[in-house]
Structures are given as C-alpha cells and as structure tokens.
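# Chain and residue survey
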Amino acid sequence: MSMNEVIAVLAAIFVAPIIGGIVAGIDRKVTARLQGRYGPPLLQPFYDVFKLFGKEKMIVNYWQIICAYMYLAADVLTVVLLALQSDLLLIFFVLAVGGVFLVIGALAAESPYSQIGAQRELIQMLTYEPLLILVFVGIYLETGSFKISDIIANYHEPLLLSLPLLFVVLGYALVIKLKKSPFDIATSHHAHQEIVKGVLTEYSGPYLAIIEISHWYETVFILGLCALFWHTNFIWMAVLLVVTYFGEVLVDNICARLTWRWMLPHAWTGGLIMSFANYFWIYEKIK
Amino acid sequence: MVDSLIGISILLPFIAGALCFFTKNHRVRAAIIVTTGIILTISSLMIFQNLNGPYLYTPETLLGLKVNSLITFADFALLFIILAIAFKLGNPLVIVLTLLQIIPLAYFELKMAPHVEVTPALYIDNLSIIMNLIISIVGSLICIFGIRYMEEHEHHLHLKKSRQPRFFFFLVMFLGAMNGLVFANNLLWLYFFWEVTTFCSFMLIGHDKTEIAIRNATRALWMNMTGGVAFVAAIIFIYYNTQSMEYLSLQALINHGPEVMTALLLPFALLCFAGFTKAAQVPFQSWLCGAMVAPTPVSALLHSSTMVKAGVYIVVRMAPGYQGTFLSTMVATFGAFTFLTASALAVNMSNGKKILAYSTIANLGLIIACAGINTPAAIIAAVLLIIFHAISKGLLFLCVGTIEHAIGSRDIEDMRGLYNSMPAVSRITIIGILTMMLPPFGALMSKWMAIEAAANIPWVVVMIALGSGLTVLFWARWAGIFVSGPHLKVFESQGKEGFFAPLVTIFKGFYTKAKWKDPASIKVPLVSLAIGAIILSLSVPWLYTFLVDPVLSCYKPGLFVEPFKTGPMGFTSGAGAFYVLPVFLVSIIAYLAAVVAAKQKDHRVFSAPYMCGEQYADIAEPKFRSHLNNWTNYVPANIYMQDIIGESKISYWINIIALIILIVLFGEVLR
Amino acid sequence: MKSFINKSRVKSPWLIHFDCGSCNGCDIEVLACLTPVYDIERFGILNVGNPKHADILVVTGTVNHRNKKALRNVYDQMPEPKVVVAVGACGTTGGIFREAYNVVGGVDKIIPVDAYVSGCAAKPESIIDGVIIALGKLAEKGKKVDQGIFERLENTQNFIKNR
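Residues numbered from 1 in each chain as written. Chains lettered and ligands numbered in written order. Predicted model: local features only at pLDDT ≥ 70, side-chain atom pairs only at ≥ 80, totals over all residues.

## Description of the overall build of chain C
On a plain count of helices and strands, chain C comes out with six helices and seven strands. In sequence order, chain C lays out its α and β elements as α-β-α-β-β-β-α-β-α-β-β-α-α. Taking 163 residues into account, the globule formula puts the C-alpha radius of gyration at 15 Å, and chain C, at 15 Å, falls close to it. Among the 163 residues that make up chain C, the fraction classed as buried is 50%. Counted over contacts in chain C with a minimum sequence separation of 6, partners at least 24 positions apart contribute 82%. (Helix = DSSP H or I, 4+ residues; strand = E, 2+ residues; numbered from the N terminus. Rg over C-alpha atoms; globule rule 2.2 N^0.38 Å. Buried ≥ 20, exposed ≤ 12 C-beta atoms within 10 Å, placed from the backbone. Contact = placed C-beta atoms within 7 Å.)

Put into structure tokens, the structure is as follows:
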C-alpha cells in the first residue's frame, strides 16, 4: 500500500462520516427552509447521534447488535473501497451486505412494525439494486472498465455527457436508496411517521446511532458515485453534486409517499428503457 | 494407480449399492455407506493428487467381458426396464419417448455404426476432477446424513417393512453413475450413465409411493426422457453429418476444426437441450420442484452434487465447441432468462424446499448463461459456481430436512424464531444462506465474475441484474426469519464473563446452554459442509490457482488466456477486481467487535417489541391486549407478491417464452 | 466526550406524544408546535412515534383505568435518561373529569412527571416552555446515567407503590 492509499483509507474512515453528517445537517436545514421553517442547527445530526450514544442500551435480542455492527462495517468498507478506487461491482455488493444485515436486524425483533418495514426495505433493495448494476454496466460499456482507478486514468471526458440517461436512472435509484419521499416506504425521515419508524423501529439508543452513522457513510458513497460522472473537472463535479443533492431534497419535499406496488414496476420499466436507450447510444457512438 | 482409482470411483458405488440392497441389518448397511463414502473421498483426492494434465484411459475388459459391449448391453437392458415401467405406469408419453430412444439407438448400434470403438473411452481433466470431488465428498456426506434421516423418516411413516435397502441402493449407485458421467469421453458411455441417473432419480423421487410421489416421479421421467431422446439424436446426427466415428469422442467433438462447425452445430444444440432438461431449466422446471416430495437426502443429492449438475456439466464442458456461434448467444440468453424467472418464482414461495429448488434452477441458469457467454472468465465463473453452489445448496437441503423432522413443517413462516428452539441448526442454516448471497463468499464472487463477463451482452446482463436483486430478497428474509424472536435468558450461561464470554459466543452462539441433540450422522455432514463452505470461500485464490485455472488450460488447446490474476488480496482481471481477503477480514473484525459489544458486561435492558404500549408482560411471548382485555397473538408474515408474480400466474408465460427461445435456438441452428 | 454527549442531550430531545384521554384540544396544540409558526425543530426537537427512540414523553389528557397500563408500558419502553411532561389541565390533575368513575386522575398517578404545563387547552408557547424546563431535568438525569446509575425500574415501581 502506498502512502496515498493509506491516506485515502484513513480519510474514508474518519472524514467521510463528518462530511456525511454535515450533508445530513444541510439536508434538514434546506428541508426546513423549503417548508417555510427556520430549521435546526447545522450540526443537529451530530447532536442526535451523540445523544443516542448516551442512551441506555435497550434490545429485543442480541442479533440486533450483530446486525447494527455488520451494517456499519459494510458501509465503512464501501466508502473505503470507493476511496481506494476499486471495482464498482464489488463496492456495490459490499453495499448490499449492509442492507441485508439491516433487514435481518429488523426481522430479529418480532414487532409487526419493524417486520413490515424490513419487508418493504427488501423490496426497495430489490428495486434499486438492478438499476445500480445497469448504471455500472453502462459505465463499463463506455469506459471499458469496472475499476474506478482505470476509469479516472484512461477516460478523459465527463461521463455525464455520454451517459445522461443512466445518470437519471442513478438519481432514481438513489431516491429509493436514500429513502427519500416518494419512496420513504420502509422508514421515513419526516416526523417518523411511516409504520412508526419501519425498519428502524426496534433499533434504539447506541445501535440507532450506529445505523445513523452508517447512513452518513452511505451518503458519502452516493455523492462519490455521482462525482464519478464528472471526474475531469473539480468545479463542475461540485456543481453536479450540489444540483443532484438539491434535486433529491426537492423531490423529497414535494412528493407524497407512494406504495411499493407503484414503485417496483415503474422504477424497473423506466430504468430499463432509459438504460437500453443509453446502451444503444453508446453502441452507435462506438460504431 | 489412477486407473484403479477411476475404477473404484465408478464401480464401488454400484457394488456398495447392491450390497446395501441385500443387507437387511441397518447397522451393517450404515457401515457400508460410511466406508464407501470415505473410500470415494480418498480416491477422488488421490486422483486429484496424481493428475498432471489430462489423463486418458480406455478400460478394455471387466471380469473377462469387453467393457464396450457390456455398456451397450446394459444400456439396452436399462431402456427395456424403463419401457416395462412405462407400461406399468400406463403412461403413453413415457412409452413413446423410450421407444424413440430404443429404436434409433438399436438402428445406430446395429446398422449404422456397429461396434463403435472410441479411444480414449475415459478422459479425466480438471473439470472432471472438480466434478468428481464434489460428487464424492458432498454426495457421500449426503448419503451419510441419509442413514439416520431415513430411520426417522420411516418411523414417521409407520412402515412395517423397511424400504431402506432399495433407497440406499439407488442413492449410492447414483454417485457411481455420476462419476462415470463426468469421466466418460465416449458419448455412448456418457449416454449410458446419463440414462442411469435419469432412472435412479425416477426411482428415488417415487420412493414414498404416494400418489403425488408417483405422479411427480413420472413427470421427472418423461422430462428427462426428452433429454435422452435429444441425446440419442445428437449421437446419430454427429455420425450422419460427419460420416466419421471420430466425433463420438467428446474431446474430438469439442476441439473440432472450423470446417465441421456447421455439421456439428445441430448435435451441439441437441446436447445442450439434453443438458437443459437435466438441469431443469425453464420450461422443464416443474420436474425438479416436483422432486421435493422425495425424502430430503434425495433432494439434496439431486440439487447439489448430482443429476442437475450433470446437465450443466455437459453444457459447460462443450462450451468451447460452440464458441462464437449463434447457439452460444442463445444459450446465454436462455440461461439468463431461467435465472431471472426462477428467482422471481422463488420470491413467492413460502415452502422452504421449493425456495431452494427454484434457487437451484436459477443458479444453474446462471451457470448455463456463463457457458453461453463463453469467454474464459465466464467459464471460470461457471466452474466456481458449480463448486460453491454444490456445497451451500447441499448444506441448506440437509438443514431444511433436519428442521422438517424437528418441527414437522418446511414452511419458512413456521421457522420464525427457530433460533430459540434449535440454535445450532439455525446458525448453520444462516451460514448456508449467507454463503449463497453475500460477498466475500464464493457464490457471490462467481456472480461478480458472471456479471463482468456478461457486460458485453446487454440483455443478458440486464436479466442477471434483475435476477440477482430477486435472489437477495428471498435469501435475506429467510435468514432474518430464523432469528426473529425474543431473547431467552434460560439458554444463556451467566457464569462466564469478561474475556471468555465473547469467545464462547463465537463458537456456541448466544445460547450456550442449549444442547444440540441430533445424532452424529446428522451433525457431521452439517458441520463439515458449513465449515467447508466458509473455508473454501476463504481459500478461493488457492482454489483458483490449483483447481479451476487448469480447467482452462486443458479446456481447449490454444485458447489459454488467463482471465484473472490472483494475489494475496483476491482477484484482478482486466476490467475489475474482487478483494476476497480484505472483505473477509473486515467482516470477521466487525463480527468479533459485535460479539464483544453484545457480551460486554454492562447495563442492558431486554425489552418487548414496541406494540403501542399494549404488549404482554412476559417479553418472551408475542401478544398484545386486544378488545375486552383479551390477549391476542400476532404473527407477522412475509410479502410474497403472489398477486404480481404468483407461480400459477406467470409459470404459463414463462414456459411459453422459454419455448420460444428454444424454438428460435433450433430454428437458427437448422437454417 | 461525556460533556459533549450531555450537551447533545439538551440539544436533541426527541419527544413522543401520548394521548391518554384528551379531548384533542391539547393534542392540536402539541402538533401546532411543529408548524412553521413555532417550529420546535429549531431546538432539535423531533416528534417521534416510538418510545424506544424518545427522550421526552408528552402526555395529554386524563388517565383512565384502560389506558394506564398502556401509559406505563410506553414509559417503560423508553430508554434512560427520560423525562415526562404532563400537558393541560387534564394531564396535570385530571381536570374536569377528575371525579368521573373511570378516571384515575393526572398523569403523575401512574408515572413520575417532571414538568407540568397548565391550560385548557395549553398554549403552544407554554408547551414549549414546559419541554424546555424538562430539558434541565433531562441533563441532570443524563449525568446519573453517565455514572452508570439507571433508576428506571426501581424508581418507577417505588413511585407507583408509594401512591
């Protein structure tokens, strides 16, 4: 491992949650402003998490603890692999590990709320996972590699210009992944009102804090993924990230919740059509 | 040395099977089975040890008889037995299909090409060895599991006269037939072993002799018979199209020159079709699902190490032969379609064995898709998938069988909270499930290879992507169901604290006081398969270098391109990298940290799940206060999406589409 | 670290609202606190639906024999440190229903209450005020939790026994 890689790993482990937390704070602030409120302080997510660490440990069974830790580990590893510019598909699979353990932990409690939440979370995973794979395949078709390092080294144009439709697919998948409205089906950020707290109902205290931190890592991973679409220029990358994230927050605030029966078929058909259109475009260009 | 080991691998199971048939004492029978298993395992390991490159061998005589004529004779004898059974069943379809094999085969053997001699008759390379290792080790463990299982099974059925001799006759013989199948190079010999597996599976599926068992066995028989007919047709067309005996050798068939490609395309398609039927690909999936009525060792054997693996073996084996043709693309499409649809069907199953069955079909579809993609990387993916799938699936079937005997149900809804009553078996089942679905375990690594290999054929990769999303859904919720329940303090030992508590927990789970009461013949297969699944995944770079990579070098001379580089971290290819060891390391560290955190000696409260303040006082019971102060039980259940992708709804359309793909495949080949 | 956690407790109180048997007057006022006019999220306050995530239990309405068990269960499912705010005339004393045959009385008959908010219905300002007062107690209890003192079961049970 070279020095750069060590720095990248350390940054991924220690800086990523801080960025993720601040992004979550901005998210809440922007949401409040969109709703005509003043909103919480920027550091509110940190207060929340530290408070949760100070709470009593309350569990239904030990599996929740195991699952919370595995979830965190998977998400940290996701970001580390991203920082090491490794294989996109591998990163994706590691991300899926986190989701699976979150669900197992929720199923471990025999509560109807967390069980239904877990089932819905699984359906959300089912919806966005193929879409993400399609995006990665599109990146491969365009650049000839699944490895981020190869893409950055060998491909010198913004990916967004050749994969615009796939970027839309990615945005679609990320709304589902981030559990933003209209797809906050498994659990909701707003007033915690969907089936109590859905998949997170039975995680409490420090374990909820661990899951919250994993969410921050996920946010960073997602931003990193979007950044890949304009890796050539730092300013445009920043613009792209800001626009994308603001778009997500905006959609979050203007949409009512939909059911999974709507989400699954629409996301799949829309995603498939756009992916194929984009693949076709790439083929034409290569020809 | 290797000659005799090969002889042992093929003949010993036949002899041991016959011994089992004539032994009435079940202790002696158990001893025979265990000894056979051990000898088979040792012999397969020794073949692997002594093999340097492909090994050619043509046995001339057996007990003074010519082996070739012996097999021809046995072949016809077997077909006539099946014909007799068909008449007894009164099933015209089976009769016609059997006659469709007997008559052309007789015409071929007597008229077209009498006394075919193919050298070498047996050809053992690394692919055969991998199959042989799987069959001998996993298959033997399943047979050993069967000893005690069948005792309990017959006890449940209240049988007066034990039918175990017959059962073990076919079960053990199956291993021999499979070993013969993977060693054979002479297509006629291959065909003989092919039919033996069909026949054995028919007898084993119908073993319980209930009405449904016989019906499903018959269905399995006729579906596999169509494959047999295709096989015979392939043999005849090879001879007819090329007018040469040479291509009846599998190796010659695969390594043919470009000038005979058009002549051999139809035989390839027919052999692939035979493989599809045996591997229960759509539209033939119903026989494998119907096979679930058989006792668990049978389903475990059919699904993991034998039978269906014969189907994918032949498709993967022949892959270089049809590389670059239209057929290859169609095979990839067909496999990917099966992967997608079988995964979708698995999602709406609540019967544990049927979930496993559909998942098997899906994985076989993926293997076949890899064979169709037909790049070196894809072939590696297929071979690795065969290995890891055999172990994990064998393990899962045995687990479900054990659970079924304990709780009397194979419905996954009934397995809710099973960790509280059967901690050990539940833990092993969860390990089995996780090895099927999560990185860094081998099955998922093979899927990674498959997706990267398939990335150049968009429609194939789309189907694989959708299918893999579906697989995560049904595996994850099954794993979750096992641990869904309250914490039971009675089973937790309070004495050990501090350093030892996490250590004990890692090996014995949270319920250290709970005893695992099953006999050794059930414990040993479960534990060794679970450990094997983990260790093999961990040592996958080694496995790749020593076992799987050589498959390519003797796969097709001149084709040798090493698709992956192994390093201390894992795999790298031209387009990607999969870090096995780091992911393993992080998972293990996270697991250890979690266990330490869980067993830390500090203040912790066990609470009932949130029930709007109406939960029952005892947290071990899931009840809530309902109207009139009644305590009502609640049972959460899974979403099966029956109304969207219910089996009865979509099976018809799946079969139609699959048939269309097959018709297009053959239409293009015949054109 | 500990001081930051303690600071965070005051800065991030999540409250759960439990309606015992209110006429909905106070409930509407509690929800009014969430609206842009009062916007209690300024103080990091979130309204959660799950006692396992909550720090503050806001109870409105009189306690009766049917729902006192539910109230106690919800209170028991809140992890320490936690405080209770009784809102409105009914929540604090039983209000006009005090003498009814099915009514137990105020919230403090069942669980220990840390802050009382008067009014019928209580004004949003006074509810916020009550919550802020309760936050002081939350910080005190938090310090005990930091020292490893969890009073939850004994304290509650003794409290109820002594009634």
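Still more to cover.
## Digging into the interface of chain A and chain B
Across the contact, 56 residues belong to chain A and 55 residues belong to chain B. The element best represented in the side of chain A that touches chain B is helix α5 (residues 112–143) of chain A, accounting for 16 residues. Residues of the side of chain A that touches chain B, tallied by class, amount to 41 nonpolar, eight polar and seven charged. Sheet analysis places strand β1 (residues 58–59) of chain A next to strand β8 (residues 605–606) of chain B, joined by two bridges and oriented parallel. Looking across to β8(B), one finds that Met58(A) is bridged to Val605(B). (Nonpolar A, V, L, I, M, F, W, Y, C, P; charged D, E, K, R; others polar. Pairing = 2+ DSSP bridges.)

## Side note on the sheet that holds strand β7 (residues 115–117) of chain C
Residues and elements named next belong to chain C. Spatial strand order, β2-β1-β3-β5-β7: five strands in an open sheet with parallel pairing. Every interior strand has two partners, whereas the edge strands, β2 (46–48) and β7, have only one. Taking each pair of neighbouring strands and ignoring which way they run, the sheet shows an average axis angle of 30°. Two elements, strand β1 (residues 14–21) and β2, share three bridges in a ladder whose sense is parallel. When the bridges of β2 are listed, Ile16 appears paired with Val48. Along the sheet, helix α5 (residues 124–146) makes contact with β1, β3 (56–61), β5 (83–87) and β7, crossing β5 at roughly 160°. (Axes fitted to C-alpha atoms, helices over the stretch in contact; angles between N-to-C directions.)

## Examining the confidence of the model for chain C
Per-residue confidence for chain C gives a mean pLDDT of 84; residues scoring 70 or more make up 92%. When pLDDT is averaged over each element of chain C, β5(C) comes out on top at 91 and helix α6 (residues 152–161) of chain C at the bottom at 59. (pLDDT = per-residue confidence, 0-100.)

## Observations concerning unusual backbone geometry
Residue and element names in this part refer to chain C. Of note, the amide linkage connecting Glu80 to Pro81 takes the cis form, showing an omega dihedral of -10°. The linkage connecting Cys120 with the following residue, Ala121, adopts the cis geometry, with an omega of -5°. Positive phi, close to 45°, is recorded for Asp39, a residue that is not glycine. As for its position among the elements, Asp39 is in the loop between α2 (25–32) and β2. For Asp39, a count of 18 C-beta atoms within 10 Å gives the class partly exposed.

## Points about the nonpolar core
In terms of nonpolar packing, the biggest core is built from 361 residues, with Ala369(B), Cys370(B), Val383(B) and Ile464(B) touching the most fellow members. Considering every element that reaches this core, the biggest residue donor is helix α16 (residues 376–407) of chain B, with 21 residues. Once you skip the residues sitting within four places of it in the chain, Val383(B) turns out to touch Leu127(B), Ile130(B), Val316(B), Val548(B) and Val551(B). Cys26(C), Ile45(C), Val48(C) and Val58(C) belong to the second largest nonpolar core, which has 41 residues in total. (Core = buried A, V, L, I, M, F, W, Y, C linked by C-beta atoms within 7 Å.)

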